Amino acid sequence: MGLHRRFDPDTSAARDLVTGGRIGAPYYFRTSLRDMTPQPLEYIKVSGSFFVDVSIHDLDLARWLVGEIVEVSATGSSVSNPAYDELGTVDQAVIVVRFENGALGVIDNSRIAGYGYEASSEIVGAEATLRIDHSQRTNLTVLSGESARRDHVVDFVERFRDAYRLELVSFVDAVRNRRPVAVDGWDALAAFTLASAADRSWRSGEPVRLEIDRAGDRVEYSVGRRIAELMSDR
């Protein structure tokens, strides 16, 4: 499954530190995903909702880095283009999640942030804090007069070039050696269910509680009713 951020070297290193107990118990998670320019309206019409299209990667990252999620609360707004309102969607959103262990998380997403593309994350733990912030092409900062200037990548393809390559390498290795894939359909279903719950929270204006069903290494989420029933109402 194409949840490419799990293959980003910085993010993988952060997960190793979390699972290895190097930061202590996670208390708080924050992540930002902002596009420099929005996708065409023709694409947005069929994208499945802002939360399924944009937020799904951050929601997957949250459960991969911190743990399972038991509640989501989402709010959104259309501020850059009135066409988003006409389509019944948003271009800016904030999601608050509550993890199974009691930790909190905040996800902010934007379809348009003119300064450049950004994908940054932070995990605050009992003993240490991790920050992933690699949205620059170089480590150069230009100081001039009263200002400082740094460059920015322009899209996710540039930012996650290594992640996409490593994702393909991992898939080929799984096929050649008959190993389980690193990210399977259950991971994708979990991320999709969380994104759909965020969409439901935004539309209803109320938090959405999630139920977690575990069977071995498999984790399945449901939102009161099964996700198939939920999506049939849309």
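## Digging into the pattern of salt bridges
Following the criterion strictly, the structure yields 18 salt bridges and no others. Ionic pairing is found between Arg 5 and Asp 58, a salt bridge with its closest N-O pair at 2.4 Å. Separated by 53 residues along the polypeptide, Arg 5 in the segment before α1 (9-19) and Asp 58 in helix α3 (residues 50-65) bring together distant segments of the chain. When its relative accessible area of 5% is taken as the criterion, Arg 5 is described as buried. Across the pair Arg 209 and Glu 71 runs a salt bridge, and its minimum N-O distance is 3.5 Å. Pair noted here: Arg 209 is in strand β9 (residues 208-209) and Glu 71 is in strand β2 (residues 69-77), with a separation of 138 residues, a long-range link. Via salt bridges that share partners, Arg 6, Asp 60, Arg 63, Glu 68 and Asp 187 belong to a single interconnected network.

## What to know about α1
Inspection of α1 places Thr 11, Ala 14 and Val 18 among the buried residues, and these make up the whole buried set. What you see down the axis of α1 is that its buried residues fit within an arc of 60°, all on one side. Exposed and oriented more than 90 degrees from the buried face of α1 are Asp 16 and Thr 19. Lining the buried residues of α1 we find β1 (26-34), α3, β5 (118-125) and β6 (129-133). Gly 21 lies just past α1 and shows a positive phi near 75°.

## Description of the packing of aromatic side chains
Centre distance and the angle of the planes are the two values used to describe a pair of aromatic rings. Applying the stated rule across the entire model yields four aromatic pairs. Where Phe 51 meets Trp 202, the ring centres are 6.2 Å apart and the plane angle is 45°; that geometry is what we call tilted. Of this pair, Phe 51 sits in helix α3 while Trp 202 sits in helix α7 (residues 185-204), and the two are 151 residues apart along the sequence. Take Phe 51: its relative accessible area is 1%, and that puts it in the buried class. On the basis of relative accessible area, Trp 202 is assigned to the partly exposed category, the value being 22%. The rings of Phe 50, Phe 51 and Trp 202 are connected pair by pair, giving a single aromatic cluster. The lysine or arginine in question, Arg 218, covers the ring of Trp 186, its NZ or CZ lying 4.5 Å from the ring centre.

## Focus on the sheet that holds strand β4 (residues 104-110)
One open sheet holds the seven strands; their spatial order is β6-β5-β1-β4-β3-β2-β9, and the pairing between them is mixed. Across the chains shown, the open sheet's two edge strands, defined by having one partner strand only, are β6 and β9. Relative to β4, strand β3 (residues 92-99) runs antiparallel, the two being bridged by seven bridges. Its bridge partner lying in β4, Ala 93 is registered against Asn 109. Across the sheet, α1 lies against β1, β5 and β6, angled at about 170° from β6, the strand it touches most. With respect to the sheet, α7 is in contact with β2, β3 and β9, its orientation differing from that of β2 by roughly 50°.

## Quick notes on unusual backbone geometry
Excluding glycine, residues mostly have negative phi values, and the peptide bonds linking residues are mostly trans. Its identity as a non-glycine residue notwithstanding, Ser 49 has a phi of 115°, on the positive side. Take Ser 49: it is sitting in the loop between α2 (41-44) and α3. Residue Ser 49 is classed as buried on the basis of its relative accessible area of 11%. For Arg 178, which is not glycine, the phi dihedral falls at a positive 50°.

## Points about the environment of Ala 182
Within the element layout of this structure, Ala 182 appears in the loop between α6 (161-176) and α7. On the basis of relative accessible area, Ala 182 is assigned to the partly exposed category, the value being 48%. Sequence separation between Ala 182 and Ile 112 is 70 residues; the distance between their C-alpha atoms is 31 Å. Every residue in contact with Ala 182, bar those within four places of it in the chain, is listed here: Phe 7, Ser 170 and Asp 187.

## Digging into α7
If you check α7, its first and last C-alpha atoms are 28 Å apart, about what 20 residues at 1.5 Å a residue would give, namely 28 Å. The backbone nitrogen of Trp 186 lies 3.1 Å from a side-chain oxygen of the residue at the head of α7, namely Asp 184.

Thresholds applied
- Residues numbered from 1 in each chain as written.
- Predicted model: local features only at pLDDT ≥ 70, side-chain atom pairs only at ≥ 80, totals over all residues.
- Heavy atoms only, no water.
- Salt bridge = Lys/Arg side-chain N within 4 Å of Asp/Glu carboxyl O.
- Helix = DSSP H or I, 4+ residues; strand = E, 2+ residues; numbered from the N terminus.
- Buried < 20%, exposed > 50% of the residue type's maximum accessible area, 1.4 Å probe, protein only.
- Arc of directions from axis to C-beta.
- Contact = heavy atoms within 4.5 Å.
- Phe/Tyr/Trp six-rings, centres within 6.5 Å; stacked < 30°, edge-to-face > 60°.
- Lys NZ or Arg CZ within 6 Å of the ring centre and 35° of its normal.
- Pairing = 2+ DSSP bridges.
- Axes fitted to C-alpha atoms, helices over the stretch in contact; angles between N-to-C directions.
- Expected span 1.5 Å × (residues − 1).
- Polar contact = N/O pair within 3.5 Å; in protein donor to acceptor, adjacent residues only side chain to side chain.

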